[in-house]
Amino acid sequence: MTAAGPSALWYLTRGTGVVTLLLLTASVVLGVLQVLRWAPLGSPRFTVVALHRAISLLVVALLAVHVLTAVLDSFAPIRLVDALLPFAGSYRPLWLGLGALGLDLVVALTVTSLLRRRLGLRAWRAVHWLAYAAWPVALVHGWGAGTDARTAWMLAITLGCAAAVLGAVAWRLLDGWPHQPGRRQIALGACVVVPVVTGLWLAQGPLAAGWARRSGTPARLLATPASARTAAAGPGHAVAASLLRPFAAGLRGTVDRGRSAGGLAVVDLRMRLTGGARGVLRVRIAGRPAPGSGVRMSRSAVTLGSQAAPRELTGRIVSLRGASLEALVGSAAGRAVRLHVDLALSPTTVAGTVSARPVTQAGG
């Protein structure tokens with residue numbers, strides 16, 4: 001087995017999404033400061049204007065990569081039309097739809113900026129206010145559709161972006177509306193109320209357990225089909241609970257090699273757990289043939305469960321290096337475990353070890 005293809009697209013989608021949010025935040029903050037005629041260290045005012053334009057163009061480029069990699073990654077069923085037409089997809093439709101809406105707003109800003117001389121300053125400025133709508137839409141899209149919303153580093157980034165924009169807007173309100181105290185007080189009050197409401201939503205939504213299921217992730221990506229869930233409700237349910245706790249076990253099983261209908265090389269590992277836990281683990285890897293008997297992975301599937309219900313937990317490989325892999329599998333209820341597997345393969349048999357560590361929720 002050889003290092004993977006889908007993981008690269010997955011990581012690139014996540015990475016470009018985070019960087020796009022950071023750059024969009026910088027663009028919005030610079031746009032607000034530009035209105036205030038702010039110039040750092042006495043530099044010419046056009047410096048801020050030029051930086052604002054350069055960052056805005058970079059946002060468009062990174063956003064295109066973010067959308068393209070999300071569409072090309074075979075793990076989630078995201079079509080190009082889903083990325084352009086809001087709320088048309090089947091994968092987390094509301095939160096993916098907000099991302100499509102943000103993309104449409106950014107495209108509108110770009111097109112009108114290119115046609116600024118023909119549109120006129122007033123029309124261009126009216127459309128340019130969409131930048132202030134694109135930013136919160138992108139932020140909420142990241143919280144709702146992203147897979148890292150609960151991690152400390154992602155929370156630090158998103159809350160830092162929110163603080164930067166709110167700080168710039170508050171500065172603008174305090175400095176720019178001296179003759180409209182009523183409107184200024186309402187706007188400043190909104191700067192306090194909106195973060196509080198957003199924090200309550202975060203606590204009950206993306207930061208709460210089971211968000212992957214409640215956000216609209218298709219069941220086949222979360223965990224098992226209905227038949228497996230029915231089996232889990234019987235005697236196998238206790239086995240599933242044991243597999244959702246930390247454990248370490250040995251592995252023994254068989255290796256099947258073949259080709260898919262599409263011509264991809266397929267390695268199918270069927271293993272049973274020995275020692276520290278009881279159950280069965282199946283790992284399927286498909287991709288282009290690699291030197292020797294390896295496969296350059298382009299897709300994967302991992303299942304873990306009892307003998308009676310072998311698909312109680314399902315997921316995919318998230319990292320593959322030689323004969324060591326990391327996989328994320330979860331249940332229909334949104335509970336998940338991260339598996340670390342070390343394997344020793346022969347032409348027809350496989351042995352190794354597996355350890356499991358619970359994570360907060362499946363698929364995000």
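Before any of the text, the structure's been laid out above.
Right, let's walk through the structure included here. (Residues numbered from 1 in each chain as written. Predicted model: local features only at pLDDT ≥ 70, side-chain atom pairs only at ≥ 80, totals over all residues. Heavy atoms only, no water.)

## Quick look at the overall build of the protein
Of the regular secondary structure elements, the protein holds 13 helices and 8 strands. Looking at the protein as a whole, 41% of its 364 residues qualify as buried. Here the protein displays about 18200 Å² of accessible surface, and carbon together with sulfur accounts for 66% of that area. (Helix = DSSP H or I, 4+ residues; strand = E, 2+ residues; numbered from the N terminus. Buried < 20%, exposed > 50% of the residue type's maximum accessible area, 1.4 Å probe, protein only. Areas by Shrake-Rupley, 256 points an atom, 1.4 Å probe, with all protein chains shown as cover.)

## Topic: the pattern of salt bridges
This structure, assessed with the given rule, holds 4 salt bridges. Its salt-bridge partner being Asp-148, residue Arg-14 comes within 2.7 Å of it at the nearest N-O pair. Of the two residues, Arg-14 sits in helix H1 (residues 6-35) while Asp-148 sits in the loop between helix H7 (130-145) and helix H8 (152-176), which places them 134 residues apart along the sequence. Taking relative accessible area as the criterion, Asp-148 reaches 11% and is therefore assigned buried. (Salt bridge = Lys/Arg side-chain N within 4 Å of Asp/Glu carboxyl O.)

## Describing the nonpolar core
Membership of the largest hydrophobic core comes to 32 residues, with the highest contact counts inside it found for Phe-247, Leu-273, Leu-281, Val-283, Leu-304 and Leu-339. The set of elements that each furnish at least two residues to this core consists of strand S1 (247-259), strand S2 (265-274), strand S3 (279-289), strand S4 (295-305), strand S5 (313-321), strand S6 (324-330), strand S7 (336-345) and strand S8 (349-359). The biggest single contributor to this core is S2, with 5 residues. In this view, Leu-339 contacts Phe-247, Leu-281, Val-302, Leu-304, Leu-325, Glu-326, Ala-327, Val-329, Val-354, Ser-355 and Ala-356; residues no more than four positions away in its chain are not counted. (Core = buried A, V, L, I, M, F, W, Y, C linked by side-chain atoms within 4.5 Å. Contact = heavy atoms within 4.5 Å.)

## Observations regarding the packing of aromatic side chains
The description of two aromatic rings rests on the distance between their centres and on the angle between their planes. Counting across every chain of the model gives 4 aromatic pairs. Ring geometry for Trp-95 against Trp-211: centres 5.3 Å apart, planes inclined by 55°, an arrangement best described as tilted. Here Trp-211 lies in helix H10 (residues 211-214) and Trp-95 lies in helix H4 (residues 93-114), a separation of 116 residues in the sequence. Its relative accessible area of 11% is what places Trp-95 among the buried residues. Owing to a relative accessible area of 6%, Trp-211 belongs among the buried residues under this scheme. Judged by centre distance (6.4 Å) and plane angle (90°), the ring pair of Trp-201 and Trp-211 falls under edge-to-face. Of this pair, Trp-201 sits in helix H9 (residues 181-204) while Trp-211 sits in helix H10, and the two are 10 residues apart along the sequence. Residue class for Trp-201 comes out partly exposed when judged on its relative accessible area of 27%. Every member of this aromatic cluster is reached through a ring pair, and the members are Trp-95, Trp-143, Trp-201 and Trp-211. (Phe/Tyr/Trp six-rings, centres within 6.5 Å; stacked < 30°, edge-to-face > 60°.)

## Some points on unusual backbone geometry
Of note, the phi angle at Phe-87 is positive, near 65°, even though the residue is not glycine. As for its placement among the helices and strands, Phe-87 is situated in the loop between helix H3 (80-84) and H4. With a phi close to 40°, Arg-92 is a non-glycine residue in the positive phi region. For Arg-92, the location among the structural elements is in the loop between H3 and H4.

## Some details on H4
With 22 residues, H4 should cover 32 Å at 1.5 Å per step; its first-to-last C-alpha distance of 31 Å lies within 8% of that length. Within H4, burial applies to Trp-95, Leu-96, Gly-97, Leu-98, Gly-99, Ala-100, Gly-102, Leu-103, Leu-105, Val-106, Leu-109 and Thr-112. (Expected span 1.5 Å × (residues − 1).)

## Quick look at the pairing of S2
Summarising the sheet, S1 and S2 pair through 10 bridges and their orientation is antiparallel. Paired with Arg-259 across the bridge in S2 is Ala-265. In this structure, the hairpin formed by S1 and S2 is closed by a connection of 5 residues, where Gly-263 is found at a positive phi of approximately 90°. Taken together, the 9 bridges between S2 and S3 define a ladder with antiparallel strand orientation. Among the inter-strand pairings, Met-271 is bridged to a residue of S3, identified as Leu-281. Linking S2 back to S3 in an antiparallel pair, the connection comprises 4 residues, with Gly-275 at a positive phi of about 90°. (Pairing = 2+ DSSP bridges.)

## Considerations on the sheet that holds S8
Taken in spatial order, the 8 strands close into a barrel running S1-S2-S3-S4-S5-S6-S7-S8, and their pairing is antiparallel. On average, adjacent strands in this sheet sit at an angle of 30° to one another, irrespective of strand direction. (Axes fitted to C-alpha atoms, helices over the stretch in contact; angles between N-to-C directions.)

## Description of the environment of Val-192
When you line up the elements, Val-192 lands in helix H9. When its relative accessible area of 53% is taken as the criterion, Val-192 is described as exposed. Note: C-alpha distance between Val-192 and Ala-170 (22 residues apart in sequence) is 9.9 Å.

## Thoughts on the environment of Arg-311
Looking at the element boundaries, Arg-311 is found in the loop between S4 and S5. In sequence terms Arg-311 and Arg-282 are 29 residues apart; their C-alpha atoms lie 9.0 Å from each other.

Remember, this is a structural readout, not a statement about activity or role.
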